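# Fold and geometry: a report
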Amino acid sequence: MNSLSRSLWTKCYPRPPTHISYFHSSSATSLAKVVATRRLLPISQKRLEQQTQWDLVQWQEDRTIPREKLLKDIKGAEALLCMLSDNIDEEILEAAGPQLKLVTTLSVGVDHIDLKTAKERNIKIGYTPDVLTDATADIGALLALAAARNMKKGIDSVTTGGWQDWRPAWLCGHQFTSKTLGVVGLGRIGQAVAHRLGAFGIDRLVYWGRTKKEGVNGEWVSLDQLLMESDIVVVCCPLTPETQEMFDYAAFKKMKKNAVFVNISRGGIVNQADLARALKEKVIAGAGLDVTTPEPLPLDDPLQNLDNCVILPHLGTATFETRETMGDMMVDNILAALENRPIPYESK
Ligand code: NAP
């Protein structure tokens with residue numbers, strides 16, 4: 001961020017103090033305790049902190065709350081507002097105590113929450129579906145194009161002096177006209193990615209998932225067929241025990257040599273060492289990743305040195321519009337949980 005945009009940002013988004021508890025009652029114990037592991041964007045943050053129904057204990061720093069701090073803060077909470085970067089496991093849920101009613105996460109993915117323990121303890125899971133579909137699909141389409149058109153090599157050449165005179169075959173990639181798109185997990189985001197890439201000339205959509213989607217202009221195929229026939233493979237399914245590391249060397253070997261692989265789901269779906277090997281050996285042409293394991297990806301990770309791998313720092317939902325709406329949904333979920341109403345955005 002340059003100094004002008006930094007000062008604009010500071011005007012719009014002033015820095016909060018380092019740690020705050022928003023107690024709205026003189027007898028603090030009479031109100032429900034809500035714990036938040038981050039600040040939200042300004043409008044939804046204001047709504048969160050102005051509620052008089054609860055006492056809010058909120059981590060103020062712009063980094064993941066230390067585990068010891070969360071274990072301490074969560075004690076006695078009735079609702080937890082968390083991020084995808086928080087590991088909400090059995091220990092955290094137990095530390096909260098039996099009164100915890102809701103864990104609501106600023107994401108549609110819930111793989112960072114121990115769902116089994118939550119279910120056993122009758123804790124509802126809130127999430128933010130739909131509103132992030134467009135923003136995330138934009139990043140999926142962007143990564144597909146970036147990987148297919150050698151964007152990383154191109155940008156690097158501009159900044160490092162590799163860009164010399166114009167050469168007919170230099171940095172040629174592959175265009176999408178009349179190509180086949182394979183979507184793994186044709187849900188909300190998968191369909192939105194297919195819609196976007198259709199505008200770039202894709203003429204065949206194949207998809208793999210657990211169920212055939214009605215009313216979709218695409219073919220439900222086996223995973224092997226998808227891998228063998230697609231020019232672009234985009235992963236949009238959730239991370240679950242079944243999808244963990246489903247993309248390994250054997251899977252990349254089944255793909256076309258000119259194919260690009262895009263992952264906007266979760267890093268855990270890919271065996272990263274195998275992906276690095278496949279890219280290095282040119283088993284596939286390129287990859288675009290919005291998600292990795294771990295995040296942030298260490299600078300010495302083998303994927304970092306590959307000029308056919310474009311990596312973004314988990315930007316899928318990162319638009320002001322989307323993140324504000326996601327924050328608003330979290331507040332709605334907490335209000336409902338504390339009033340013992342059905343959670344409006346519940347992951348089941
Ligand atoms: P969704 O509408 O529920 O779609 C998920 C799709 O995956 C469905 O088509 C589902 O189809 C399929 N699926 C589910 N379990 C599967 C399994 N075990 N094997 C194969 N396919 C499976 O969810 P969404 O809103 O599109 O979000 C999808 C995922 O994107 C999230 O879970 C999250 O991990 C990721 N995401 C990432 C970002 C980012 O910032 N990069 C942002 C938002 C979401 P069937 O049920 O028919 O199998």
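Bear in mind that the values here come from a model prediction, so they are computed numbers and not experimental data.

Counting residues in hydrophobic clusters, the biggest one holds 49 residues, and the most contacted among them are L48, W54, L181, I264 and I334. Element by element, the count of residues in this core is highest for helix α6 (residues 133–148), at 8 residues. With sequence-adjacent residues up to four places away left out, L181 is seen in contact with A194, L197, I202, R204, L205, V206, S230, I232 and V234. L239, A251, L275 and I284 belong to the second-largest nonpolar core, a separate cluster that totals 32 residues.

Taken together, the 5 bridges between strand β7 (residues 180–184) and strand β8 (residues 204–208) define a ladder with parallel strand orientation. Bridge pairing links T180 to R204 in β8. Since β7 and β8 lie parallel, the crossover through helix α8 (residues 188–198) that links them has a hand, and here it is right-handed. Bridge analysis of β8 against strand β9 (residues 219–220) gives 2 bridges, and the strand direction is parallel. Counterpart to Y207 in the pairing with β9 is W220.

This part covers the site of the ligand. Near the ligand you find 28 residues, and of these I189, R210, T211, K213 and D290 are the closest. For the ligand, an oxygen atom lies 3.3 Å from a polar atom in the backbone of L186. The contact in question runs from an oxygen atom of the ligand to an N or O atom on the backbone of R210, over 2.5 Å. In the complex, 90% of the free accessible area of the ligand, which totals 920 Å², lies under the protein chains.

Bringing the pattern of salt bridges into the picture now. This structure, assessed with the given rule, holds 20 salt bridges. We note a salt bridge from R196 to D134, for which the minimum N-O separation is 3.1 Å. Remark: D134 occurs in helix α6 and R196 occurs in helix α8; sequence separation between them is 62 residues. Residue classification places D134 among the partly exposed positions, given a relative accessible area of 46%. In this structure, R196 engages D138 in a salt bridge whose closest nitrogen and oxygen atoms are separated by 2.6 Å. Taken together, the residues R196 in helix α8 and D138 in helix α6 connect sequence positions 58 residues apart. Each of R47, D328 and D332 takes part in salt bridges that share partners, so that together they form one network.

For Q51, the position within the fold is in the loop between α2 (42–50) and β3 (54–59). Taking the relative accessible area as the measure of exposure, Q51 reaches 13% and is therefore buried. As a C-alpha pair, Q51 and L335 span 284 residues in sequence and 8.9 Å in three-dimensional space. Among the polar contacts listed, one links the side chain of Q51 to the backbone oxygen of R47, at a separation of 3.1 Å.

Moving on, we come to the environment of L275. With respect to the element layout, L275 can be found in helix α11 (residues 272–280). Of the residues examined, L275 reaches a relative accessible area of 0% and is grouped as buried. Separated by 242 residues in the primary sequence, L275 and K33 have C-alpha atoms spaced 44 Å apart. Ignoring sequence-local partners within four residues, the contact set of L275 consists of F252, F261, V270, I284, A287, L289 and L303.

Before going further, it helps to examine the packing of aromatic side chains. Counted according to the given criterion, the structure contains 3 aromatic pairs. Where F252 meets F261, the ring centres are 5.1 Å apart and the plane angle is 85°; that geometry is what we call edge-to-face. F261 matches F252 in its accessibility class, with the two residues each being buried. Taken together, F247, F252 and F261 form an aromatic cluster joined through their ring pairs. In this structure, R277 packs its charged tip against the face of Y249, placed 3.6 Å from the ring centre.

Our next topic: the environment of V193. Note on placement: V193 falls in helix α8. The exposure class of V193 is buried, given its relative accessible area of 0%.

With that settled, the discussion passes to α8. Those residues of α8 that fall on the buried side of the exposure criterion are I189, G190, A192, V193, A194, R196 and L197. Buried positions along α8 lie against α6, β7, β8 and β10 (232–235).

A separate point is the UniProt feature "domain: D-isomer specific 2-hydroxyacid dehydrogenase catalytic" (unreviewed entry) in the protein chain. Under the UniProt annotation, the feature "domain: D-isomer specific 2-hydroxyacid dehydrogenase catalytic" (unreviewed entry) is placed at residues 35–344. Between the end C-alpha atoms of residues 35–344 there is a gap of 19 Å, over a span that is 35% helix and 15% strand.

Procedures and definitions
Residues numbered from 1 in each chain as written. Predicted model: local features only at pLDDT ≥ 70, side-chain atom pairs only at ≥ 80, totals over all residues. Heavy atoms only, no water. Core = buried A, V, L, I, M, F, W, Y, C linked by side-chain atoms within 4.5 Å. Buried < 20%, exposed > 50% of the residue type's maximum accessible area, 1.4 Å probe, protein only. Helix = DSSP H or I, 4+ residues; strand = E, 2+ residues; numbered from the N terminus. Contact = heavy atoms within 4.5 Å. Pairing = 2+ DSSP bridges. Right-handed = clockwise from strand over helix to strand, strands pointing away. Near = heavy atom within 4 Å. Polar contact = N/O pair within 3.5 Å; in protein donor to acceptor, adjacent residues only side chain to side chain. Areas by Shrake-Rupley, 256 points an atom, 1.4 Å probe, with all protein chains shown as cover. Salt bridge = Lys/Arg side-chain N within 4 Å of Asp/Glu carboxyl O. Phe/Tyr/Trp six-rings, centres within 6.5 Å; stacked < 30°, edge-to-face > 60°. Lys NZ or Arg CZ within 6 Å of the ring centre and 35° of its normal. UniProt positions renumbered as here; feature names shortened; annotations may be inferred.

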